[in-house]
Amino acid sequence: MARAAYQRGDDVAMKQRPSAVGKAADYLDQRTSIGVLVKELARKVFPDHWSFMLGEIALFSFIVLIASGFFLTMFFDPSMALVRYEGEYPPAMNGQLMSAAFQSTVHMSFEVRGGMLMRQIHHWSALIFIGSIVLHMFRVFLTGAFRKPREINWIVGLTMLILALAAGFTGYSLPDDVLSGNGLRIIDGVVKAIPLIGSYLSFLIFGSEFPGDQVIPRLFTLHIFVIPGLLIALIALHLFLMVLQKHGQYPGGGRSDKNVVGYPALPVYVAKMTGNFFIIAGVLTLMGGTMAINNVWNYGPYDPAPVSAGTQPDWYILFVDGALRLMPGPGFEWVLWGYTLPMNILIPAVIVPGILFTLLGTWPFLEARATGDHREHHVLDRPRNRPVRTAVAVALFVAFLVCALAATNDLIATHFALSIFAITWVLRVLLFVGPLFAFFVTKRVCLALQRKDRELVLHGHESGRIVRFATGEYVEVHTPLDPQEVWLRTQHTSPRPLEIKPAMDARGVKRKGYRSDRRWQRLSEFFYEDRVEPATPAELAAAHSHGEHDAIEARTPAGVGQGTSGPRTAGPRSTRPGGTGPGSSRPGTSGPRADGEGATGPGEEPRPGSKG
Amino acid sequence: MSENQNNPADTSHEVTVTPQAGTDVERFADPGVPEHKHRLTDTDPRAAKRAERTVTFLFVLSILGTIGSIVAYVMVPPDGTTSGVRLSTLLIGLGLAVSLLGIGIAGIHWAKALMGDKEMVQERHPLATNDADRAIAVKDLNDGLQDSGVVGRRGVLKGAFFGALALFPLAIAVPLIGSVGGDWNVSKFKHTMWRTGTRLAIDPSGRPIKAADVTVGSVFHVVPETTDEFRETHEWINEKSKAVVLMVRLNPEDLKADQSPPGETWSHEGIVAYSKICTHVGCPVALYEQQTHHLLCPCHQSTFDIADSANVVFGPANRRLPQLPITVDDEGYLIAQDDFAEPIGPSFWERLK
């Protein structure tokens, strides 16, 4: 068969003179059957949305990191050998004892043309890299893109976040300046706090006591070889899975779990992604060219005695640093059988990040279990339709924000002339109160938005047109939604808490596994106890059956009452009745007050249409 | 809805379609992909031409940016001063940024204005292998396993096989781990280079300090006195990391207490010396406030009261800073009575052992 195809190719070739590209493609295909791949991928459809670009920003800033990092390795000397700086600039450095690493950093900044530019591009790219990973993960989390079949890719992504943090930290330490040296010393302090093996881990990292003369070369190998190598492998896996599973899509007309609606890879995405890469590289270059970052010669070479006030780590370490600052010390260093367990360090620096990453890693499985969900999902959730998930994300964000603020408490104190003790105490309280409050508010906002969706579907947009009847009655005309608008607000399903088999079976024998089932049911109730059903055609019909709007609209000349703001009509504030699951009849979320039949709450204008 | 999401026993992996029939009273119907709206460049040839010219202009701009960047590289070399470096960085950076942004914006504009924008629909297929293929795969695996001849017998062979595989990394790991931590002597954490009679010297000059030169209220950053040669070695940096001391002279009536055990005097006429390494995670504690006699760690704001045994006043540290017992020698220089009585710096597992 291959022979036949080859022959046919020759026939075609005889008819039209083959182009050079055509010949090269033929050469390659006869040896690799690459045609199959091209056929599969060239016109592959990808959905479009601005939020899908966040992961792209991460990928492209990683490429910029590789390119600028290669430049830096040409001039950086990863050695802790002690040298005396010789060079006129910067003058304060001349004659100082420093490591070769620091000397080469200053040298590449001041003597190598474009060296400073590349250093600054590299540092800014690192900050943007991790920032875009975090935003991308928020997008994936909020839209439920981690659900089946993408759980594995979520774990791959989470692993890459951890590697990116490691890459950031190892790179930050390489110049061997006072700032990064003190950062390493904090790491040493945290590592020593780990029970049983902490002291030995410290020796393992530094090759001797802190700081020793080994750590910079070791971090260098990790930073330029091990971590980027793993990242490249995982990026390949991440993208492979994305292509294999096809990208998820936001809900909309014609979009389902069985299709993908969008634009073809060739030419649209090839052009857009290439363009996007150049734009991101351009913006990062602009930042590197115009915004100074990490002027290490101002800090000086590492010396264990000095430290400067008002120092912060790079933004992605802020939450750990802030947690370290918030933790009260006295009473939290425990001595057990003569061994020291400094919980004042372990809780903020080991346990808190541990809980965070464990929660992120297990979330897809917890949520699937609590939802009783085994289906494939390719249509993304609107965040409002999963109130608890969205609220958890916002709560995590608030916790991060409080910790990041705590990591700047000294700057807040000096800039606003406040007591540092007072700030710390306020933030200690906020760390617990803030996320809880954010959770509660976000969940309520999500439920309210869902009710708003129902109201829109059932009663239409407020048109601002007021119509007066011959009887003197005023009515505001509502414009019905078009089918696309309706579909966006009704395409989802609202999950219910799990139903489990009773504790006793028919013969009154206790059922094994009931307690475990009940635990999962409790989690499920936490997720889905408060719920709002999407509107249905039946409800829409009911909402219209007693109103006279439709008839009026046909009769009323356009323009009557235009621009007049009429009284707000009272839509149904409660959800469709008939929830059968446990807890689904919680007051305020789903009750009998459905279709405006006398549904006038306090403070609401009576709805004229309901009298019909 | 035809499917039951809440049935825990439902382990099917098929994609369930949401019903799309328009007659359903429970679900609204999917209206299908929205009608395609043409862009201006699709309908107006002049707009398309304009977009084409814009894209071309942007590519040309990029070329100019590249040239500008190279001109800046050649014409504006950094002269070593901060402002020279800044100018060179700025010009090369701007040129490169224009070069990159030109290509980027041109590409996006090209794609959005001129390339086809008709939405396409492709089917998704269930990711799971179909049952027939899956059966073949399972059979192939079983056949392969049978052919290997190890299923259900040759237990010794299997044990040896897995044993060998599990053990060989040790031959690499043992030498690596043996050497990677140097001498692994973690008891070094408990001692510093302070000895009986070591003079206190100013950091970084290394000049010894006379008690008479320490005025009330002044703060000294102190290191042990040593030779100039030793001060140029890594051993010195390691030792200095543990031995740095902050010394303050207080009015003797302000000094409420220090850490001297009964019968000993660790301070000298109001001069007290405390380890400068924070007992939290090891930052140098360097911010001293004269009015309150508080010593603040700039890293995590642990606050110690120098007038009262360097006890923790606030912050994440749990323990007071260890005191260096000092006195004066015959020539009036401040000297250490001995090493610190307890390990300095952050806590570790074996600290009290």
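Within each chain, residues carry numbers counting from 1 in the order of the written sequence. Chains and ligands are labelled by the order in which they are written, letters from A for the one and numbers from 1 for the other. Given that this is a predicted model, residues contribute local features only at a pLDDT of at least 70 and side-chain atom pairs are listed and counted only at 80 or more, while totals for whole chains, interfaces and linings are drawn from all residues.

1. Section: the overall build of chain B
Helix and strand definitions follow DSSP, with helices as H or I runs of at least four residues and strands as E runs of at least two, each counted in order from the N terminus. Across its full length, chain B carries 7 helices and 11 strands. For a compact globule of 353 residues, the expected C-alpha radius of gyration is about 20 Å, and chain B comes in at 38 Å, more than 25% above that figure. With the C-alpha coordinates of chain B rotated into their principal frame, the extents come out at 100 × 75 × 50 Å. Counting all 353 residues of chain B, 32% fall into the buried class. Contacts spanning at least 24 positions in sequence make up 57% of the contacts within chain B whose residues lie at least 6 apart. Only the C-alpha atoms count toward the radius of gyration. The rule for a globule is 2.2 Å times the residue count to the power 0.38. The exposure scheme places C-beta atoms from the backbone and then counts, for each residue, the other C-beta atoms within 10 Å of its own, assigning buried at 20 or more, exposed at 12 or fewer, and partly exposed in between. Working definition of a contact: two residues with C-beta atoms, positioned from the backbone, lying within 7 Å.

2. Topic: the interface of chain B and chain A
With 101 residues of chain B at the interface, the matching set in chain A holds 112 residues. Broken down by secondary-structure element, the contributors of at least two residues to the side of chain B that touches chain A are helix H3 (82-113), strand E1 (120-123), helix H7 (234-243) and strand E9 (311-314) of chain B. Residue contributions to the side of chain B that touches chain A peak at 19 residues, all from H3 of chain B. In this sheet, E1 of chain B lies alongside strand E4 (residues 259-264) of chain A in antiparallel orientation, the contact comprising 4 bridges. Looking at the pairing, Val-260 of chain A lines up with Gln-122 of chain B of E1 of chain B. In this description, strands pair whenever DSSP reports at least two bridges between them.

3. Section: unusual backbone geometry
Trans peptide bonds make up most of the peptide bonds, and negative phi angles are found at most residues other than glycine. Residue Pro-211 of chain A is bonded to the preceding Phe-210 of chain A through a cis peptide linkage, with omega at -10°. Relative to the helices and strands, Pro-211 of chain A is located in the loop between helix H9 (198-206) and helix H10 (215-245). Cis rather than trans, the peptide bond between Asp-203 of chain B and Pro-204 of chain B has omega equal to 5°. Examined against the element boundaries, Pro-204 of chain B turns out to sit in the loop between strand E2 (200-202) and strand E3 (219-224). Of note, the phi angle at Lys-246 of chain A is positive, near 60°, even though the residue is not glycine. By secondary structure assignment, the location of Lys-246 of chain A is in the loop between H10 and E4. Here His-293 of chain B, not a glycine, exhibits a phi torsion of approximately 60°, which is positive. Relative to the helices and strands, His-293 of chain B resides in the loop between strand E6 (287-289) and strand E7 (294-296). Residue classification places His-293 of chain B among the buried positions, given that 22 C-beta atoms sit within 10 Å.

4. Examining the sheet that holds strand E5 (residues 271-275) of chain B
Residues and elements named next belong to chain B. Spatially, the 4 strands line up as an open sheet ordered E2-E3-E4-E5, and their pairing is antiparallel. If you trace the sheet from one side to the other, it starts and ends with E2 and E5, each paired once. Across the sheet, the mean angle from the axis of one strand to that of its neighbour is 40°, orientation sign disregarded. Taken together, the 5 bridges between strand E4 (residues 245-249) and E5 define a ladder with antiparallel strand orientation. Each bridged residue has a counterpart across the sheet, and for Arg-249 the counterpart in E5 is Ile-271. Angles run from 0 to 180 degrees between N-to-C directions of axes, and those axes are lines fitted to C-alpha atoms, restricted for helices to the stretch in contact.

5. Some remarks on the packing of helix H4 (residues 53-73) of chain A against H10 of chain A
Residues and elements named next belong to chain A. For the pair H4 and H10, interaxial distance at closest approach is 12 Å and the crossing angle is 155°. With respect to each other, H4 and H10 are oriented roughly antiparallel. Crossing angle aside, the handedness with which H4 passes H10 is left-handed. Here Leu-59, Phe-62, Ile-66, Gly-69 and Thr-73 of H4 lie close against H10, whose contacting residues are Ile-224, Pro-228, Leu-231 and Ile-235. Asp, Glu, Lys and Arg are counted as charged, while Ala, Val, Leu, Ile, Met, Phe, Trp, Tyr, Cys and Pro are counted as nonpolar; the rest, among them Gly, fall into the polar class. For the contact of H4 with H10, the residue count by class is 7 nonpolar, 2 polar and no charged. Any angle between 65 and 115 degrees counts as roughly perpendicular, while under 35 counts as roughly parallel, over 145 as roughly antiparallel, and the rest as oblique. Each helix crossing is assigned a hand: it is left-handed if the near helix lies turned anticlockwise from the far helix by less than a right angle, otherwise right-handed if that turn is clockwise.

6. Some details on helix H6 (residues 170-180) of chain B
When you tally the buried positions in H6 of chain B, you get 0 out of 11 residues, a small fraction of the element. Positive phi shows up at Gly-182 of chain B, right after H6 of chain B, with a value of about 65°.

7. Topic: the domain arrangement of chain A
Domain extents, as shown, originate in an automatic or database domain assignment. Per the domain assignment, the segments of chain A are domain 1 (2-41), domain 2 (45-441), domain 3 (460-493 + 531-611) and domain 4 (497-527). Of the residues assigned to the side of domain 2 of chain A that touches domain 3 of chain A, the class counts are 1 nonpolar, 3 polar and 1 charged.

8. Points about the packing of H4 of chain A against helix H6 (residues 115-142) of chain A
Residues and elements named next belong to chain A. Where H4 meets H6, the axes come as close as 8 Å, and the angle between the chain directions of the two elements is 160°. Between H4 and H6, the crossing angle belongs to the class labelled roughly antiparallel. As H4 runs across H6, the sense of the crossing is left-handed. Its residues assigned to classes, the contact of H4 with H6 comprises 15 nonpolar, 8 polar and 2 charged.

9. Observations regarding the environment of Pro-78 of chain A
Residues and elements named next belong to chain A. Checked against the element boundaries, Pro-78 lands in the loop between H4 and strand E2 (82-84). Each C-alpha atom, one on Pro-78 and one on Ala-126, is 19 Å from the other, the two residues being 48 residues apart in sequence. Dropping the residues within four chain positions of it, Pro-78 is found in contact with Ala-101, Leu-174, Ile-216, Pro-217 and Phe-220.

10. A short note on the confidence of the model for chain B
Residues and elements named next belong to chain B. Per-residue confidence from the predictor is given as pLDDT, running between 0 and 100. Averaged over all residues, the pLDDT of chain B is 89; the fraction at 70 or higher stands at 93%. Segment residues 1-22: pLDDT under 50, and 40 contacts once partners within four positions in sequence are set aside and those in other chains are kept. Scoring of the predicted complex yields 0.88 for pTM and 0.89 for ipTM.

11. Regarding helix H14 (residues 343-371) of chain A
Residues and elements named next belong to chain A. By definition here, a helix of n residues has an expected span of 1.5 Å times n minus one. With 29 residues, H14 extends only 36 Å from end C-alpha to end C-alpha; this falls clearly short of the ideal 42 Å at 1.5 Å per step. Here the bend at a residue is taken as the angle between two axes, fitted respectively to the seven residues that end there and the seven that start there. Where H14 bends most, at Trp-363, the angle is about 50°, and the proline Pro-364 comes one to four residues later. Following H14 by one or two positions, Gly-372 has its phi on the positive side, about 65°.

12. So, the pairing of strand E5 (residues 333-336) of chain A
All names here are of chain A. As paired elements, E5 and strand E6 (residues 339-342) share 4 bridges and run antiparallel to each other. Paired with Leu-336 across the bridge in E6 is Tyr-339. What sits between the antiparallel neighbours E5 and E6 is a turn of 2 residues, in which Trp-337 has the positive phi angle 50°.

13. Looking at the pairing of strand E8 (residues 474-479) of chain A
When strand E7 (residues 461-468) of chain A meets E8 of chain A, the two strands line up antiparallel, connected through 6 bridges. Looking across to E8 of chain A, one finds that His-461 of chain A is bridged to Thr-479 of chain A.

14. Describing the nonpolar core
As a rule of thumb, nonpolar side chains are buried together in soluble globular proteins. Among the nonpolar cores identified, the biggest contains 167 residues, and Phe-129 and Ala-323 of chain A together with Leu-200, Val-245, Ala-273, Tyr-274 and Val-285 of chain B are the most heavily contacted of them. It is H6 of chain A that contributes the most residues to this core, 14 residues altogether. Those residues in contact with Val-285 of chain B that lie beyond four places of it in its chain are Leu-246, Lys-276, Cys-278, Leu-295, Cys-297, Phe-304 and Leu-321 of chain B. Core analysis: the next-biggest nonpolar cluster, separate from the first, contains 11 residues, Leu-481, Val-486, Leu-488 and Ala-543 of chain A among them. Put simply, a nonpolar core is a cluster of buried Ala, Val, Leu, Ile, Met, Phe, Trp, Tyr and Cys residues tied together by C-beta atoms within 7 Å.

15. Topic: the sheet that holds E1 of chain B
One open sheet accounts for 3 strands, arranged E1(A)-E4(A)-E1(B); its pairing is antiparallel. Pairing within the sheet leaves two strands with one partner each, and these edge strands are strand E1 (45-46) of chain A together with E1 of chain B. In terms of strand pairing, E1 of chain A meets E4 of chain A through 2 bridges, oriented antiparallel. Within E4 of chain A, the position partnered with Val-45 of chain A by the bridge is Pro-264 of chain A.

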